[in-house]
Amino acid sequence: MSPACLMDAQRVALLRRRLRARLRGAPSGGLLSITLDLGAGDEHWLDVDLERPLALWWAAPRGDQNGAACADHRLALGSAISFSSAGRARFAALQEAFSGLVPAWVHDDPQETGIVAAAHLGFAFAEKTFDSFPNARLVVPAILFRCQGGGRTVTFTCPVEAGEGALGFWLEALRGAGRRTPGAPPAHWVRQPSVLGEQAFISRVRAAVADIDRRRLDKVVITRSVRWLSESAVAPASVIGLLTRQYPECTIFGVGERRQSFVGATPERLFALHSGTVEADALAGTAWLGSVAGEPSSPDLWGNKNRREHQLVADTVRATLASTGASLEPPLMPTSMRLGQLRHLQTRISGRLREGTGVFDLLAALHPTPAVGGVPGDQARHWLLAQGDWRPAWYTGGIGWVDRNGDGEVVVALRCALLRGCEAELFAGAGIVAGSDPTQELAETEAKLTMMVAALRGTSAHSCRQVVRSASG
């Protein structure tokens, strides 16, 4: 069902009354949020145009008290207020803006839905970027639909100065989002020749291994992108829907920006913060099932190379959290995460933060982790800059939420693609350590690319693997 259809005349009248009542005495210069209970239901909120500017779709896996999966589906539309920043102080700038909002942010929730008004955020890997996506942005959405545990809500937010005119703005935003029927993904996609790109990737891996051998680095993550073309435009909702069904253990996201969309299914959570307790993922070390003629076989997931790569990430994340004053739980052994044909080593790191440490402090401290940057961090970033490393949109950056209580969650933007009409640009990377084999690292990126190629084709990643390699030129 289209989200707009849920706002019938009775709910619109209720929203008008509550807006008028809450505006009286609301702080000048503040924000007003109003939450409506939409009743029981199971909505994924995919019946909208997800290429609209400032549209965000999100599904994060959750665990209920019995351990069962309970996804949190969100759809954010428009902006009540937004802030953008770039440079070394970009997270500090967003923190200052958010801290200024909270004291004058009123939330009307008489039905006690349990929803806390929130802002969403996204940022690029590097501190300075030059593409159509802002480097770092914080947005309090004008409209936020949520579905979790069988309950549905919608939260409307506006600047107090907008007055009763906010109602018209909200309704227009709902109409403007429109219904865009997902339909089936285009059946025929053609991969653009990328031999030169593959050779450049291999050359960078060799250069990285040489510098690691010279002890200039311990690890660095090298990325690449591949373009696919279709005879007709792809509907982002169809891609997101398939990712949601095939990878329920991942956080699925879609961000609309100027008639394009950035979509993905990431297995890596940078951190989650709730009532002072922080959890972060160390995700590094990859293997995959199956092989293709002419391609190196998968490494042993629990082999020496993968274990060393993973330990560098886990140790750095723990040390970084400890440097913020966090009191951490004892170290855990890594476990295996399965994502279709892919296997990753994962370690969950948790603890209690020092009072006064918040979401933006964690962003500044943790990003980029060695899972997407390298070790040592500064040397790896300088190395990548010197190599002309370029990561479009928010690839290997982050996407997430922060609410009025200071709780939040941010995921690392991996296994993703930038969709523009009939074109899809897909991204993948590999962590390089001492002893890395360039051809095997290239094969790892190919294995990772199959997740998104399969979503474009509407197939399983396993059946898509041979097609991906045979189309690579």
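Quick caveat, the model's predicted, so the values are computed rather than measured. (Residues numbered from 1 in each chain as written. Predicted model: local features only at pLDDT ≥ 70, side-chain atom pairs only at ≥ 80, totals over all residues. Heavy atoms only, no water.)

**A few points about the pattern of salt bridges**
Here's step 1: With the rule as written, the count across this model stands at 29 salt bridges.
Here's step 2: A salt bridge links R20 to E164, with the shortest nitrogen-to-oxygen separation between them at 3.4 Å. Remark: E164 occurs in the loop between strand 9 (151–159) and helix 3 (165–177) and R20 occurs in helix 1 (residues 9–23); sequence separation between them is 144 residues.
Here's step 3: Accessibility expressed as a relative area gives 45% for E164, which makes it partly exposed.
Here's step 4: Among the salt bridges present, the one from E279 reaches R269, with a minimum N-O distance of 2.8 Å. Of this pair, E279 sits in strand 15 (residues 277–288) while R269 sits in strand 14 (residues 269–274), and the two are 10 residues apart along the sequence.
Here's step 5: Judged by relative accessible area, E279 falls into the partly exposed class, the value being 29%.
Here's step 6: You can call R269 buried: its relative accessible area is 17%. (Salt bridge = Lys/Arg side-chain N within 4 Å of Asp/Glu carboxyl O. Helix = DSSP H or I, 4+ residues; strand = E, 2+ residues; numbered from the N terminus. Buried < 20%, exposed > 50% of the residue type's maximum accessible area, 1.4 Å probe, protein only.)

**Examining the packing of aromatic side chains**
Here's step 1: Tallying each qualifying case throughout the model produces 10 aromatic pairs.
Here's step 2: An angle of 40° between the planes, with centres 5.0 Å apart, marks the rings of W45 and F145 as tilted. Of this pair, W45 sits in the loop between strand 1 (31–40) and strand 2 (55–60) while F145 is found in strand 8 (residues 143–148), placing the two residues 100 residues apart along the sequence. When sorted by exposure, W45 lands in the same class as F145, which is buried.
Here's step 3: Note on W58 and W401: the rings are 6.5 Å apart at their centroids and 85° apart in plane angle, and the pair reads as edge-to-face. Highlighted residues: W58 in strand 2 and W401 in strand 20 (residues 398–403), separated in sequence by 343 residues.
Here's step 4: Among the aromatic side chains, those forming a connected cluster through ring pairs are F133, F253, F262 and W394. (Phe/Tyr/Trp six-rings, centres within 6.5 Å; stacked < 30°, edge-to-face > 60°.)

**Digging into the nonpolar core**
Here's step 1: Formed by 76 residues in total, the largest nonpolar core has its most connected members in V220, F262, F271, L363 and I432.
Here's step 2: In terms of residues, this core owes the most to one element, helix 4 (residues 195–213), which gives six residues.
Here's step 3: With residues up to four places along the chain from it excluded, the contact list for V220 reads A208, G373, G374, A380, W383, L384, A430, G431 and I432.
Here's step 4: Counting 67 residues, the second largest nonpolar core, distinct from the first, contains L23, L32, L36 and V106. (Core = buried A, V, L, I, M, F, W, Y, C linked by side-chain atoms within 4.5 Å. Contact = heavy atoms within 4.5 Å.)

**Quick look at the state of the cysteines**
A covalent bond bridging the sulfur atoms of two cysteines is what the word disulfide describes.
Here's step 1: Applying the stated criterion across every chain, the model contains zero disulfides.
Here's step 2: Cysteine C416 remains unbridged, with the sulfur of C250 as its closest cysteine sulfur at 12 Å.
Here's step 3: Of the residues examined, C416 reaches a relative accessible area of 0% and is grouped as buried. (Disulfide = S-S within 2.5 Å.)

**Some details on the side chain of T286**
Here's step 1: Examined against the element boundaries, T286 turns out to sit in strand 15.
Here's step 2: Residue classification places T286 among the buried residues on the basis of a relative accessible area of 4%.
Here's step 3: A polar side-chain atom of T286 sits 3.1 Å from a polar atom in the side chain of H344.
Here's step 4: Setting aside residues no more than four positions away along its own chain, T286 makes contact with P299, L301, N306, L342, R343, H344, E444 and K448. (Polar contact = N/O pair within 3.5 Å; in protein donor to acceptor, adjacent residues only side chain to side chain.)

**Quick word on the environment of A71**
Here's step 1: The topology assignment puts A71 in the loop between strand 2 and strand 3 (72–77).
Here's step 2: Along the backbone, A71 and P248 are 177 residues apart, and their C-alpha atoms lie at a distance of 8.1 Å.

**Observations concerning the pairing of strand 23 (residues 423–432)**
Here's step 1: In terms of burial, strand 23 is a largely internal element, 10 of the 10 residues being buried.
Here's step 2: Going residue by residue along strand 23, you find E423, E425, F427, G429 and G431 tucked away on one face and A424, L426, A428, A430 and I432 tucked away on the opposite face as well.
Here's step 3: Across 10 bridges, the pairing between strand 11 (residues 219–230) and strand 23 is antiparallel. From the neighbouring strand, V221 faces strand 23, where its bridge partner is G431.
Here's step 4: Direction of pairing for strand 22 (residues 416–420) relative to strand 23: antiparallel, over a ladder of four bridges. Residue pairing in the sheet places R420 in a bridge with E423 of strand 23. (Pairing = 2+ DSSP bridges.)

**Topic: helix 5 (residues 236–246)**
Here's step 1: The element helix 5 is largely enclosed, with a buried count of nine among its 11 residues.
Here's step 2: Contacts made by the buried residues of helix 5 are with strand 2, strand 3, strand 12 (251–256), strand 13 (261–266), strand 22 and helix 9 (438–457).

**Points about the pairing of strand 6 (residues 118–123)**
Here's step 1: Taken across its six residues, strand 6 has six buried, putting it largely inside the fold.
Here's step 2: Here strand 6 shows two buried faces, one formed by A118, H120 and G122 and the other by A119, L121 and F123.
Here's step 3: Of the pairings in the sheet, the one linking strand 6 to strand 20 comprises six bridges and is antiparallel in character. If you follow A119 over to strand 20, its bridge partner there is V402.
Here's step 4: Bridge count between strand 6 and strand 7 (residues 136–140): four bridges; the pairing is antiparallel. Pairing of F123 across the sheet is with A136, part of strand 7.

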